[in-house]
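So the chains spell out like this:
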Amino acid sequence: MPPLSQSASISSTAAPVDENGTSNAEDQIVTEPLRFFFQERYAKLGVKGNFMPLAAQPTNVELADWLAHQTVEHFRIVSTIVQVIFEVDGNTGRTICNNETCPKMTAGRHVYTWLDARKEPLPVSAFQYISLVQRWMNNKIHDQKAFPTDPSPGDTTNYAPGSLSNPIDERSMAAGPGNPQAPLTTLAGHDWIGKSAGFPETFLNDVRTCFRQIFRVYAHLYHAHWVDPFWHLSGKNNAEGWTDLNSCFVHFCSVAKLYGLLSDKDAQPMQPLIDIWIANGSIPADAANGACAVGPQ
């Protein structure tokens, strides 16, 4: 196990309340040691280069279709990773992340609570929270009014590769463009991102909410499970553990920052690691500077 540093982590603040029945964050005043994953030697990736080729919008794809694809793809990726902590231990008969080990959905000093039907904060365990995120996002991306991503007649484009063995409906792993030839819209007047492709005016807000929730799942994976199981997975059965986790998260961060889908305030629980990747080029300058940011955050 890596040596433990006693340096204090940077302070963080509470995140805003989400809309659409998602979640709220509460700030707790605690002092905690610098996490292993905030050290540069543990920021390396399991792949070479950066993820800009996978983040950049193709010239023949409408922006809303591309953002919908990115949302579905990163939901697919994080759902795959989550299976590691949801796997049942043969010795204990329990999952690694359970109601006892993680009674709250935390990321360092941040505590995330779900909003119930009355929009009241509802404390839930991390296992419950992540399960609710998966269910909420699965419903959202299958809602053709919110994510009209069914391919047009004769369109065979299928962005998201592969399939996924998890409780989430496998149909959520693929999203084709609604109208790749449609011109880009702007946020001026009565236009909005995706209007010409049939996306609702709330689409961009829905995408940002999805990215915020995916980020929180990643933040919990790092703060609560980086050592167990990801560090312990390294080298076993050719698994890389924490470097693969880093690769998935830096891919997510590159997309989120490139299009302005995650605020700096929401990113605070993982900002030291993000700063390392910006400094060493794992998150390229264009992405770090939000070169393709859409609308106000």
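Use the structure listed above.
### Brief notes about the overall build of the protein chain
Broken down by element type, the protein chain carries 8 helices and 4 strands. In sequence order, the secondary structure elements of the protein chain are arranged as β-α-α-β-β-β-α-α-α-α-α-α. Partitioning the intrachain contacts of the protein chain with sequence separation of at least 6 by distance along the chain shows that 77% fall at a separation of at least 24. Carbon and sulfur atoms form 52% of the exposed surface of the protein chain, whose accessible area is close to 13,600 Å².

### Structural notes on the pattern of salt bridges
A complete count under the given rule lists 5 salt bridges for this structure. Arginine 76 is paired through a salt bridge with glutamate 73; the nearest N and O atoms lie 2.8 Å apart. With arginine 76 and glutamate 73 both in helix α2 (residues 63-86) and 3 residues apart, this pair spans about one turn of that helix. This pair shows no difference in class: arginine 76 is buried, exactly as glutamate 73 is.

### Observations regarding the pairing of strand β3 (residues 110-115)
Within a regular beta strand, the side chains point alternately toward one face of the sheet and then the other, so they alternate between its two faces. Of all the 6 residues making up β3, 6 are buried; the element is thus mostly covered by neighbouring parts of the structure. Between strand β2 (residues 105-107) and the antiparallel strand that follows it, β3, lie 2 residues; glycine 108 among them carries a positive phi value of about 70°. Bridge count between β3 and strand β4 (residues 121-122): 2 bridges; the pairing is antiparallel. Paired with leucine 115 across the strands is proline 121, a residue of β4. The antiparallel pairing of β3 with β4 creates a hairpin that spans 5 residues between the two strands, and lysine 119 there sits at a positive phi of about 65°.

### Quick word on the packing of aromatic side chains
Applying the stated criterion across every chain, the model contains 19 aromatic pairs. With a centroid separation of 6.1 Å and an interplanar angle of 45°, the aromatic rings of phenylalanine 215 and phenylalanine 249 are classed as tilted. Of this pair, phenylalanine 215 sits in helix α4 (residues 203-233) while phenylalanine 249 sits in helix α5 (residues 242-258), and the two are 34 residues apart along the sequence. Comparing phenylalanine 215 with phenylalanine 249, the two get one shared label, buried. Measuring from ring centre to ring centre gives 5.9 Å for tryptophan 226 and tryptophan 242, while their planes differ by 50°; the resulting arrangement is tilted. Of this pair, tryptophan 226 sits in helix α4 while tryptophan 242 sits in helix α5, and the two are 16 residues apart along the sequence. One exposure class covers both tryptophan 226 and tryptophan 242, and it is buried.

### Considering the environment of lysine 48
Of note, lysine 48 is situated in the loop between β1 (23-27) and α1 (52-55). Taking C-alpha positions, lysine 48 is 9.4 Å from serine 247, a pair spaced 199 residues apart along the chain.

### A short note on the nonpolar core
Grouped together as the largest cluster of nonpolar side chains are 78 residues, with contacts concentrated most on Tyr218, Phe249 and Met270. Ranked by residue count, the leading element in this core is α4, at 14 residues. Beyond its immediate stretch of four places on either side in the chain, phenylalanine 249 contacts Phe215, Tyr218, Tyr222, Met270, Leu273, Ile274 and Trp277.

### Some thoughts on helix α7 (residues 271-280)
Among the residues of α7, Gln271, Pro272, Leu273, Ile274, Ile276 and Trp277 are the ones counted as buried. Glycine 281 occupies a position one or two residues after α7 and carries a positive phi of about 85°.

### A look at the state of the cysteines
What the rule picks out here adds up to 0 disulfides. With no disulfide of its own, cysteine 97 lies 3.8 Å from the sulfur of cysteine 102, the closest cysteine sulfur. Residue cysteine 97 is classed as buried on the basis of its relative accessible area of 0%.

### Notes on the environment of histidine 142
Take histidine 142: it is sitting in helix α3 (residues 126-142). For histidine 142, a relative accessible area of 28% puts it in the partly exposed group. At 2.8 Å, the side chain of histidine 142 and the backbone oxygen of asparagine 138 are in polar contact.

### Side note on α5
Three- or four-residue spacings in an α-helix give side chains the same orientation, since the helix completes a turn every 3.6 residues. Here α5 is 17 residues long and its end C-alpha atoms lie 24 Å apart, about the 24 Å a rise of 1.5 Å per residue gives. Of all 17 residues in α5, 15 are buried; the element is thus mostly enclosed. Trailing α5 by a residue or two, glycine 260 shows a phi angle of about 65°, which is positive.

Thresholds, definitions, all that
Residues numbered from 1 in each chain as written. Predicted model: local features only at pLDDT ≥ 70, side-chain atom pairs only at ≥ 80, totals over all residues. Heavy atoms only, no water. Helix = DSSP H or I, 4+ residues; strand = E, 2+ residues; numbered from the N terminus. Contact = heavy atoms within 4.5 Å. Areas by Shrake-Rupley, 256 points an atom, 1.4 Å probe, with all protein chains shown as cover. Salt bridge = Lys/Arg side-chain N within 4 Å of Asp/Glu carboxyl O. Buried < 20%, exposed > 50% of the residue type's maximum accessible area, 1.4 Å probe, protein only. Pairing = 2+ DSSP bridges. Phe/Tyr/Trp six-rings, centres within 6.5 Å; stacked < 30°, edge-to-face > 60°. Core = buried A, V, L, I, M, F, W, Y, C linked by side-chain atoms within 4.5 Å. Disulfide = S-S within 2.5 Å. Polar contact = N/O pair within 3.5 Å; in protein donor to acceptor, adjacent residues only side chain to side chain. Expected span 1.5 Å × (residues − 1).

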